[in-house]
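Residue-level structure breakdown
Here is how the chains run, residue by residue.
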Amino acid sequence: MSRRRLDPEVGDHLRPADADLPAGVYRVVGTLGDDVTLLRVGDADGRRVHTGEVRRVPRGRLDGFEPAENPDGNRSVTSAAAARLEGFAWEVRVVGQAMRAHPLQGAAVVALLLVGVFGDGRLPGPEWLFTAAGVAGGLGIAYLGYRGP
């Protein structure tokens, strides 16, 4: 049986059939030049894994691969929601630590955010001012989270 020649694009998923790579599902993350860059995102059973394992495969060796399903597509709604909540909780912890480490900056960005969200109609000033304060507060919190403790 002959395999058809693969010409993958970024975002496609492949599974090694005859290639010398660990079994699993690989996402195409780069297609520059004569190589295709792959990130292993699924185990041999097609379940999502976070390996960070990146491989480069010459296009001429792609005949050792076959198309595969996206392992993110087989996650349950409960699993996906739990992962999002876990990520949000992590973000809250990081921002909280940064605000404890930099209390004056933290107080300033929280004040801006509160003025932006609740100030319109309660405080004097044009509407655009409250929108700008809310945006500035949100960006400030994002900056504190990025900056860290």
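Below is a short write-up of the structure.

1. A closer look at the overall build of the protein chain
If you tally the helices and strands in the protein chain, you get three helices and five strands. Listed N to C, the secondary structure of the protein chain is β-β-β-β-β-α-α-α in terms of helices and strands. Its C-alpha radius of gyration of 23 Å places the protein chain more than 25% over the 15 Å reference for a compact globule of 149 residues. Principal-axis analysis of the C-alpha atoms places the extent of the protein chain at approximately 75 × 30 × 25 Å. Within the protein chain, the fraction of its 149 residues that count as buried is 30%. Expressed as a percentage of contacts within the protein chain between residues at least 6 apart in sequence, the contacts between residues at least 24 apart total 47%. Per element, the accessible surface of the protein chain, about 10000 Å² overall, is 58% carbon and sulfur. For the protein chain, the distance from the average position of its 18 positive side-chain charges to the average position of its 18 negative side-chain charges is 5 Å.

2. Topic: helix 1 (residues 77-101)
Since one α-helical turn is 3.6 residues long, residues separated by three or four positions face the same way. Helix length check: helix 1 (25 residues) gives 36 Å between terminal C-alpha atoms against 36 Å at 1.5 Å per residue, within 8%. On the buried face of helix 1, the contacting elements are helix 3 (127-147).

3. Considering the packing of helix 1 against helix 2 (residues 103-118)
Where helix 1 meets helix 2, the axes come as close as 5 Å, and the angle between the chain directions of the two elements is 120°. In terms of orientation, helix 1 lies oblique with respect to helix 2. On the side of helix 1, the interface is formed by Met99, Arg100 and Ala101, while helix 2 contributes Pro103, Gly106, Val109 and Val110. Residue classes in the contact of helix 1 with helix 2 are distributed as five nonpolar, one polar and one charged.

Cut-offs applied
- All residue numbers refer to position in the chain's written sequence, counted from 1.
- Only residues with pLDDT of at least 70 are given local features in this predicted model, and only at 80 or more are side-chain atom pairs given and counted; all residues enter the totals for whole chains, interfaces and linings.
- For side-chain calculations, the full set of non-hydrogen atoms in the structure is used, while hydrogens and water are omitted.
- Secondary structure elements are taken from DSSP: a helix is a run of H or I of four residues or more, a strand is a run of E of two residues or more, and numbering for both begins at the N terminus.
- Atoms counted for the radius of gyration: C-alpha only. Globule rule: 2.2 Å times residue count to the power 0.38.
- Type-normalised accessible area, obtained with a 1.4 Å probe on protein chains alone, sets the label of each residue: buried when under 20%, exposed when over 50%, and partly exposed for intermediate values.
- In this description, contact between two residues means that some pair of their heavy atoms is separated by no more than 4.5 Å.
- With residues, only the protein chains shown are counted as cover, and all accessible areas are computed by Shrake-Rupley using a 1.4 Å probe.
- Residues scored as positive are Lys and Arg, those scored as negative are Asp and Glu, and His as well as the terminal groups of each chain are ignored.
- Note that the charge is assigned to NZ on lysines, CZ on arginines, CG on aspartates and CD on glutamates.
- Take the residue count of a helix, subtract one, and multiply by 1.5 Å to get its expected span.
- Convention adopted: a line fitted to C-alpha atoms gives each axis, helices being fitted over their contacting stretch, and angles between N-to-C directions are expressed from 0 to 180 degrees.
- Note that the term roughly parallel is reserved for angles under 35 degrees, roughly antiparallel for angles over 145, roughly perpendicular for angles of 65 to 115, and oblique for everything else.
- Residue polarity follows a fixed list, in which Ala, Val, Leu, Ile, Met, Phe, Trp, Tyr, Cys and Pro are nonpolar, Asp, Glu, Lys and Arg are charged, and the others, Gly among them, are polar.

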